Amino acid sequence: MGKRPVILLGMALGLLWGVGLLWAGARVFLPVPPPMVLAMALFPAGLVTCVMIGRLAQRRFFDDTIIDGAPFAPGSAAAIDQAVLRNTVEQVALALLVWPVAGYALGPGVVLALGLRFAIARVLFWVGYHMAPPLRAFGFAASFYPTVLAAFWVLWRLLGGTFALPL
(Lines give C-alpha, C1' and ligand atoms only; values in the text may rest on other atoms or scores of the structure.)
Protein backbone atom coordinates (compact mmCIF):
# COMPACT_ATOMS: atom_id res chain seq x y z
CA MET A 1 0.00 0.00 0.00
CA GLY A 2 1.34 3.45 -0.91
CA LYS A 3 1.82 6.38 1.45
CA ARG A 4 -1.33 8.29 0.51
CA PRO A 5 -3.75 5.40 1.17
CA VAL A 6 -2.11 4.78 4.56
CA ILE A 7 -2.37 8.47 5.43
CA LEU A 8 -5.96 8.67 4.19
CA LEU A 9 -6.91 5.61 6.24
CA GLY A 10 -5.28 7.13 9.33
CA MET A 11 -7.11 10.40 8.78
CA ALA A 12 -10.45 8.64 8.34
CA LEU A 13 -9.92 6.58 11.48
CA GLY A 14 -8.90 9.74 13.34
CA LEU A 15 -12.12 11.43 12.26
CA LEU A 16 -14.15 8.46 13.50
CA TRP A 17 -12.18 8.62 16.76
CA GLY A 18 -13.14 12.29 17.06
CA VAL A 19 -16.83 11.74 16.44
CA GLY A 20 -16.85 8.85 18.88
CA LEU A 21 -15.13 10.73 21.65
CA LEU A 22 -17.41 13.76 21.31
CA TRP A 23 -20.44 11.49 21.37
CA ALA A 24 -19.13 9.65 24.44
CA GLY A 25 -18.09 12.86 26.20
CA ALA A 26 -21.49 14.46 25.63
CA ARG A 27 -23.15 11.51 27.36
CA VAL A 28 -21.10 11.88 30.55
CA PHE A 29 -22.40 14.07 33.33
CA LEU A 30 -19.73 15.50 35.60
CA PRO A 31 -20.74 17.66 38.55
CA VAL A 32 -17.46 19.55 38.27
CA PRO A 33 -17.17 23.23 37.32
CA PRO A 34 -15.80 23.80 33.79
CA PRO A 35 -12.58 25.54 34.97
CA MET A 36 -11.65 22.46 37.03
CA VAL A 37 -12.51 20.10 34.17
CA LEU A 38 -10.45 22.23 31.79
CA ALA A 39 -7.48 21.98 34.13
CA MET A 40 -7.98 18.21 34.36
CA ALA A 41 -8.29 17.96 30.55
CA LEU A 42 -5.09 19.91 29.90
CA PHE A 43 -3.01 18.03 32.46
CA PRO A 44 -2.51 14.88 30.29
CA ALA A 45 -1.42 17.12 27.40
CA GLY A 46 1.05 18.76 29.75
CA LEU A 47 2.42 15.39 30.85
CA VAL A 48 2.91 14.17 27.28
CA THR A 49 4.57 17.45 26.31
CA CYS A 50 6.85 17.17 29.34
CA VAL A 51 7.92 13.66 28.31
CA MET A 52 8.62 14.88 24.76
CA ILE A 53 10.78 17.75 26.02
CA GLY A 54 12.61 15.39 28.37
CA ARG A 55 13.25 12.91 25.56
CA LEU A 56 14.80 15.62 23.38
CA ALA A 57 16.97 16.79 26.28
CA GLN A 58 18.09 13.21 26.86
CA ARG A 59 18.96 12.81 23.19
CA ARG A 60 21.06 16.00 23.26
CA PHE A 61 22.84 15.06 26.48
CA PHE A 62 23.98 11.67 25.20
CA ASP A 63 24.91 12.72 21.64
CA ASP A 64 28.19 14.63 21.32
CA THR A 65 27.21 16.00 17.89
CA ILE A 66 24.15 17.85 19.22
CA ILE A 67 24.95 18.42 22.90
CA ASP A 68 25.91 22.05 22.20
CA GLY A 69 22.62 22.83 20.45
CA ALA A 70 23.57 21.91 16.90
CA PRO A 71 20.65 21.25 14.55
CA PHE A 72 19.38 17.70 14.36
CA ALA A 73 20.28 15.69 11.28
CA PRO A 74 17.29 15.55 8.93
CA GLY A 75 15.36 12.31 9.38
CA SER A 76 17.13 11.44 12.63
CA ALA A 77 15.22 10.23 15.66
CA ALA A 78 15.91 13.55 17.35
CA ALA A 79 14.56 15.47 14.34
CA ILE A 80 11.41 13.35 14.46
CA ASP A 81 11.03 14.02 18.18
CA GLN A 82 11.47 17.76 17.53
CA ALA A 83 8.81 17.69 14.80
CA VAL A 84 6.43 15.80 17.10
CA LEU A 85 7.04 18.26 19.93
CA ARG A 86 6.53 21.26 17.66
CA ASN A 87 3.25 19.85 16.32
CA THR A 88 2.12 18.95 19.84
CA VAL A 89 2.74 22.49 21.07
CA GLU A 90 0.76 23.82 18.09
CA GLN A 91 -2.13 21.52 18.93
CA VAL A 92 -2.00 22.42 22.63
CA ALA A 93 -2.24 26.09 21.62
CA LEU A 94 -5.32 25.26 19.54
CA ALA A 95 -6.80 23.31 22.44
CA LEU A 96 -6.28 26.29 24.76
CA LEU A 97 -8.30 28.42 22.36
CA VAL A 98 -11.17 25.96 21.81
CA TRP A 99 -11.57 23.72 24.85
CA PRO A 100 -12.62 26.40 27.38
CA VAL A 101 -15.64 27.38 25.29
CA ALA A 102 -16.36 23.73 24.50
CA GLY A 103 -16.43 23.02 28.23
CA TYR A 104 -19.12 25.63 28.78
CA ALA A 105 -21.13 25.09 25.60
CA LEU A 106 -20.93 21.31 25.26
CA GLY A 107 -20.43 20.19 28.83
CA PRO A 108 -17.54 19.15 31.00
CA GLY A 109 -17.68 15.55 29.79
CA VAL A 110 -16.76 16.66 26.28
CA VAL A 111 -13.73 18.65 27.33
CA LEU A 112 -12.50 15.91 29.65
CA ALA A 113 -12.84 13.37 26.81
CA LEU A 114 -10.92 15.75 24.55
CA GLY A 115 -8.08 16.01 27.04
CA LEU A 116 -7.71 12.39 28.00
CA ARG A 117 -7.80 11.13 24.45
CA PHE A 118 -5.54 13.93 23.21
CA ALA A 119 -2.67 12.53 25.25
CA ILE A 120 -3.26 9.02 23.90
CA ALA A 121 -3.44 10.29 20.32
CA ARG A 122 -0.24 12.32 20.70
CA VAL A 123 1.65 9.25 21.90
CA LEU A 124 0.27 7.30 18.94
CA PHE A 125 1.38 10.12 16.64
CA TRP A 126 4.88 10.00 18.16
CA VAL A 127 5.19 6.22 17.90
CA GLY A 128 3.71 6.14 14.40
CA TYR A 129 6.13 8.82 13.20
CA HIS A 130 9.10 6.79 14.43
CA MET A 131 7.78 3.59 12.82
CA ALA A 132 7.10 5.20 9.43
CA PRO A 133 6.02 8.80 8.73
CA PRO A 134 2.69 7.85 7.07
CA LEU A 135 1.73 6.00 10.26
CA ARG A 136 1.61 9.30 12.12
CA ALA A 137 -1.63 10.20 10.31
CA PHE A 138 -3.96 8.50 12.79
CA GLY A 139 -2.36 10.11 15.84
CA PHE A 140 -2.39 13.50 14.17
CA ALA A 141 -6.01 13.23 13.08
CA ALA A 142 -7.14 11.72 16.40
CA SER A 143 -5.74 14.71 18.29
CA PHE A 144 -6.60 17.45 15.76
CA TYR A 145 -10.04 16.51 14.43
CA PRO A 146 -11.79 16.25 17.83
CA THR A 147 -10.79 19.82 18.66
CA VAL A 148 -11.92 21.04 15.24
CA LEU A 149 -15.20 19.13 15.51
CA ALA A 150 -15.79 20.59 18.98
CA ALA A 151 -15.14 24.09 17.61
CA PHE A 152 -17.66 23.57 14.80
CA TRP A 153 -20.18 22.13 17.27
CA VAL A 154 -19.80 25.16 19.54
CA LEU A 155 -20.12 27.48 16.55
CA TRP A 156 -23.26 25.64 15.42
CA ARG A 157 -24.78 26.08 18.87
CA LEU A 158 -23.81 29.76 19.04
CA LEU A 159 -25.44 30.39 15.69
CA GLY A 160 -28.68 28.87 16.89
CA GLY A 161 -28.31 25.37 15.57
CA THR A 162 -30.21 22.67 17.37
CA PHE A 163 -27.73 19.82 17.01
CA ALA A 164 -27.36 18.18 20.39
CA LEU A 165 -26.53 14.61 21.19
CA PRO A 166 -29.20 12.71 23.12
CA LEU A 167 -28.23 12.41 26.74
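In the block above lies the structure referred to throughout.
Let me sum up the structure you'll find in this document. (Residues numbered from 1 in each chain as written. Predicted model: local features only at pLDDT ≥ 70, side-chain atom pairs only at ≥ 80, totals over all residues. Heavy atoms only, no water.)

1. Describing the environment of Leu97
Note on placement: Leu97 falls in helix α3 (residues 77-106). The class for Leu97 is exposed, based on a relative accessible area of 68%. For the pair Leu97 and Ala151, spaced 54 residues apart in sequence, the C-alpha separation works out to 9.4 Å. (Helix = DSSP H or I, 4+ residues; strand = E, 2+ residues; numbered from the N terminus. Buried < 20%, exposed > 50% of the residue type's maximum accessible area, 1.4 Å probe, protein only.)

2. Notes on the side chain of Asn87
Here Asn87 lies in helix α3. Not counting the four nearest positions on each side in its chain, Asn87 is found in contact with Arg122, Phe125 and Phe140. (Contact = heavy atoms within 4.5 Å.)

3. Notes on a nonpolar patch on the surface
On the surface, Val123, Val127, Met131 and Leu135 cluster together into a nonpolar patch covering about 350 Å² of accessible area. Structurally, Val127 is set in helix α4 (residues 108-131). (Patch = residues over 30% accessible without salt bridge, like charges linked within 9 Å, V, L, I, M, F, W, Y side chains within 5 Å. Areas by Shrake-Rupley, 256 points an atom, 1.4 Å probe, with all protein chains shown as cover. Salt bridge = Lys/Arg side-chain N within 4 Å of Asp/Glu carboxyl O.)

4. What about the nonpolar core?
Counting 21 residues, the largest nonpolar core has Leu22, Trp99, Leu106, Val110 and Leu114 as the members making the most contacts within it. Going through the elements one at a time, α1 (3-26), α2 (34-61), α3, α4 and α5 (136-158) are the ones with two or more residues in this core. Among the elements that make up this core, the one with the highest residue count is α4 (6 residues). For Leu106, the contacting residues outside a window of four places in its chain are Val101, Ala150, Trp153, Val154 and Arg157. (Core = buried A, V, L, I, M, F, W, Y, C linked by side-chain atoms within 4.5 Å.)

5. A closer look at the packing of α4 against α5
In the contact formed by α4 and α5, the axes pass within 5 Å of each other and the chain directions differ by 155°. With respect to their mutual orientation, α4 and α5 come out roughly antiparallel. Helix-helix and strand crossings are classified by hand; for α4 and α5 the assignment is left-handed. Residues Val110, Leu114, Phe118, Ala121, Arg122, Leu124, Phe125, Gly128 and Tyr129 of α4 lie in contact with α5, whose contacting residues are Arg136, Phe138, Gly139, Phe140, Ala142, Ser143, Pro146, Thr147, Ala150 and Trp153. Of the residues assigned to the contact of α4 with α5, the class counts are 13 nonpolar, 4 polar and 2 charged. (Axes fitted to C-alpha atoms, helices over the stretch in contact; angles between N-to-C directions. Parallel < 35°, antiparallel > 145°, perpendicular 65-115°, else oblique. Left-handed = near helix turned anticlockwise from the far one by under 90°. Nonpolar A, V, L, I, M, F, W, Y, C, P; charged D, E, K, R; others polar.)

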